[in-house]
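What follows is the residue order along each chain.
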Amino acid sequence: MQSGKDPSLLKSLSDNDCKLDFAFSLIIPDNYLPDVGLRLRCYKQITHAKDDDQLDQIKINMIDRFGSLPMPTEHLFASMHLKLLAKSCGVVTIRCNLNQATIAFEKSAPINIQKLMILASQQPEVYQLLPDEKVRIKFKDNKSNQGNNSDTNLLILDRINFIGKMLEVVK
């Protein structure tokens, strides 16, 4: 801790069991929570949440204490809910931008491969099975060039939720 870095926070943000690589902000902005130490404690609580209920309680506490969450923080909470689900499905990484997502599973992931194959065969324009236990999702409503920030924020939440729904189907 002498270097100014909390090793448990660094470990939780880069743990090896499920890595999120998103092309959009998943942050608590400093204009929402200016105190760096407090912001780091919030990150630590969020990343160490063991289940959805604990994550929801942290969110409620932040809203009660600091006011409505800014969209990047809403994205952070949605992504942490997704990460909890992804861990239970044996996901190693999720890479996502507004156009597509790639999900990499462990070799022995506890998912229903048949359901995944059905999804890919029924909607080949959306789901593509790749080598090395990966799935690519091409989002149908490719609106990534929208200029409206509010629409983009909703689209980000939509992408995160879409991935979560797919994982629920194959779980």
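Residues numbered from 1 in each chain as written. Predicted model: local features only at pLDDT ≥ 70, side-chain atom pairs only at ≥ 80, totals over all residues. Heavy atoms only, no water.

Topic: a negative patch on the surface
There is a patch of like negative charges on the surface, built from D51, D52, D53, D56 and E168. Top element by residues in the negative patch is helix α3 (residues 52-66). It accounts for 3 residues. Residue placement: D53 occurs in helix α3. Among the residues examined, D53 registers a relative accessible area of 62% and is labelled exposed. (Patch = residues over 30% accessible without salt bridge, like charges linked within 9 Å, V, L, I, M, F, W, Y side chains within 5 Å. Areas by Shrake-Rupley, 256 points an atom, 1.4 Å probe, with all protein chains shown as cover. Salt bridge = Lys/Arg side-chain N within 4 Å of Asp/Glu carboxyl O. Lys, Arg positive; Asp, Glu negative; His and termini not counted. Charge placed at Lys NZ, Arg CZ, Asp CG, Glu CD. Helix = DSSP H or I, 4+ residues; strand = E, 2+ residues; numbered from the N terminus. Buried < 20%, exposed > 50% of the residue type's maximum accessible area, 1.4 Å probe, protein only.)

A short note on the pattern of salt bridges
For the structure shown, the criterion picks out 5 salt bridges. Where D21 meets R95, a salt bridge forms, and the shortest distance between an N and an O atom there is 2.7 Å. Highlighted residues: D21 in strand β1 (residues 19-22) and R95 in strand β2 (residues 91-96), separated in sequence by 74 residues. We classify D21 as partly exposed; its relative accessible area is 26%.

These figures capture arrangement, not role.
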